[in-house]
Amino acid sequence: MSSPTLAAEPDGRAGAEIAVRAGAAAPPFEEATLSPAQAHGGVILMTAWAALIRDALWLSVRAPLVLASVQQPASSYVDDVVLGNVEATAHFRATIWRHDTLRADVRASLGIGLPTAPDDPLRIDRRALAFGDALLGGRAPELFAARSIPLLASTSVSLATDRWSTRLGATLAAGEHAVPIFEAEGGAWIVGPVGVATGVRVFFLREPDVVTSFDASVLVRAGAHMTFALEASVPLGWAGAGVGPSMRLQF
Amino acid sequence: MSTSTRLAVALLVASVSCKRYWVCDEPESVPLPTRLSETSLFADIAADRVTDGVVAYRPAYELWSDGATKRRWIFLPPGTEIDKSDPDDWSFPRGTKMWKEFSQNGVRVETRLLEKVDDDAWAAMAYVWSPDGSDAIAAPAGARDARETTHDVPAAGECEACHGGRKSYVLGYSAVQLGQVAVPGDPDDRDALGYLHANCGHCHNQTRPPRDGARCFDPDNPLDFRVLANGDAPAARTAKAMQVVAPGAPSQSRIIDLVSHRGMFKQMPPLATNEVDANGVRLLSGWIQRMPQ
């Protein structure tokens, strides 16, 4: 049985997760004359995975869809729907220590994607993408980078039982630029099928240099295979926040 | 209210409402040059000498642009003339070009171009000046705080927000704006009505052309702030009907409340301005103060 977690890390034989975040944000935008990319709307992050080697190696595919109303320089808005990059990732997990139900796992992931995120002369698509990345708290910047092949290298170590888990991770996400990300999170099933998870993420952008993002999630487990969650991300470094439900189905 | 809170409330408003008249359609590709020097405005850009046939003009009533100073020019293709059969909405010949240059605090920031590219289609572009003043470069995405001023350059799609509210598409070159119409009232009233015409009438008028898709501006109300070529100015009666003015009581008038503020939730005009026009507020307040109850 899975421990509460913020990340859509693959587990079991196969699974899928759809996470929706809605909110408003004004994240920094690399084109200085347009900064920031103020918008409101939502982002849908779709992930599916299957085990290649049970409990050891998975292959996942994920893609974000952004629906945003993007502010333009004279304060009007333009609606935009844009697909981010589609990414395939191989995930490796090994248990390095176990005592009763307590176990320590190490994970490693390598991902590469298709540069499906578009660009346009008015920079509306790119601002919508930056907004989508912001709503997710900077979780996967490579998915929102236009005109570039997304690359991902990640490693983490976790200590968990079936009731709780903690995890420390480091990621290098590369789109137009390489973004180092460091994460720490913890979660627990607190009352029967109800759990909570929370985490902090620090990532390094070109401008501003360092952004801290806080995540929180309230989870409800429905049977053995499905988990509903209400998630929120609040970054320090720009105005705005994202909140929304996610549904995870795992076999 | 913090920026985060305002953004969150904006999301709520956007999700449950509303008259989304501030949402613009993304424009189609814009067939305009990438440099201002290629638009035939200047014969000698370094000497600031315009091309023969390009005529400078100044409207009687100016749009408030946060204190920016402006220069304007018009070019009509040789042998053509403006169709003035509708005196309130002149029809310009294909090939007409109009430029408006914005300077703020002595810095020449941008020059906008409107060009009539078809019988019923205009193309628009803003050009941001290079620091050395040698040329201006097209900025289809617009720019915030351009050239290190507080002036924002609109994106190409935003031109439609104001210009699309009038059949003529042209706002500052008309019978009223060229002084060919007697604006009713005493001089103070004329200034106020002219101010409303120039700053509000392109959206708040009853002859807005219909459009498909999202509209930048389409206030669904009977306000009409134009001065018409027949000398009529329906501003007072439509404003009274909509109860946006309280005759004799400017401080209780919604229109004064709106034009006296800037921000996400209370602002008029809603676009292209970040600073209150104190002179405009004074003009309108006086107009309402003198308005018979």
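Look a little higher up for the structure.
Each value, and the rule that gives it
- Residues numbered from 1 in each chain as written.
- Chains lettered and ligands numbered in written order.
- Predicted model: local features only at pLDDT ≥ 70, side-chain atom pairs only at ≥ 80, totals over all residues.
- Heavy atoms only, no water.
- Core = buried A, V, L, I, M, F, W, Y, C linked by side-chain atoms within 4.5 Å.
- Buried < 20%, exposed > 50% of the residue type's maximum accessible area, 1.4 Å probe, protein only.
- Helix = DSSP H or I, 4+ residues; strand = E, 2+ residues; numbered from the N terminus.
- Contact = heavy atoms within 4.5 Å.
- Pairing = 2+ DSSP bridges.
- Axes fitted to C-alpha atoms, helices over the stretch in contact; angles between N-to-C directions.
- Salt bridge = Lys/Arg side-chain N within 4 Å of Asp/Glu carboxyl O.

Caption draft 1: The nonpolar core, seen in detail. Counting 41 residues, the largest nonpolar core has Tyr173 and Trp287 of chain B as the members making the most contacts within it. Sorting the residues of this core by element identifies β8 (121-129), α3 (187-199), α4 (235-241), α5 (254-259) and α6 (278-290) of chain B as the ones contributing at least two each. Residues in contact with Trp287 of chain B, not counting those within four places in the same chain, are Asp189, Ala192, Leu193, Leu196, Ala235, Ala236 and Val245 of chain B. Among the nonpolar cores identified, the runner-up in size contains 30 residues, and Leu45, Leu122, Val179 and Trp238 of chain A belong to it.

Caption draft 2: Seen up close, the sheet that holds strand β4 (residues 54-57) of chain B. All names here are of chain B. Strand order in this open sheet of six strands is β4-β5-β6-β7-β8-β9, and the pairing throughout is antiparallel. Strands with a single pairing partner mark the edges of an open sheet, and in this sheet they are β4 and β9 (136-138). Neighbour to neighbour, the strand axes of the sheet diverge by 25° on average, direction disregarded. By the bridge criterion, seven bridges tie strand β5 (residues 69-75) to strand β6 (residues 97-104) in an arrangement that is antiparallel.

Caption draft 3: Main features of the pattern of salt bridges. All names here are of chain A. Tallied over the entire structure, the rule returns 36 salt bridges over all chains. Close ionic contact of Arg21 with Asp215 constitutes a salt bridge, the shortest N to O distance being 4.0 Å. With Arg21 in strand β1 (residues 14-26) and Asp215 in strand β11 (residues 210-222), the pair connects residues that are 194 residues apart, well separated along the chain. Judged by relative accessible area, Asp215 falls into the buried class, the value being 3%. Glu142 serves as the salt-bridge partner of Arg62, at 3.0 Å between the closest nitrogen and oxygen. Separated by 80 residues along the polypeptide, Arg62 in strand β3 (residues 57-71) and Glu142 in the loop between α1 (124-135) and β7 (151-160) bring together distant segments of the chain. Under the relative-accessibility criterion, Arg62 is labelled buried at 15%. By relative accessible area, Glu142 is classed as buried at 1%. Several salt bridges converge on common partners, so that one network encompasses Glu9, Arg21, Arg107, Arg167, Glu183, Glu185, Arg201, Asp215 and Glu231.

Caption draft 4: Representation of the environment of Leu76 of chain B. Residues and elements named next belong to chain B. Looking at the element boundaries, Leu76 is found in the loop between β5 and β6. On the basis of relative accessible area, Leu76 is assigned to the partly exposed category, the value being 26%. Between the alpha carbons of Leu76 and Gly53 there is a distance of 7.5 Å; along the sequence they are 23 residues apart. Non-local contacts of Leu76, meaning those with residues more than four positions away in its chain, are made with Ile82, Phe92, Pro93 and Thr96.

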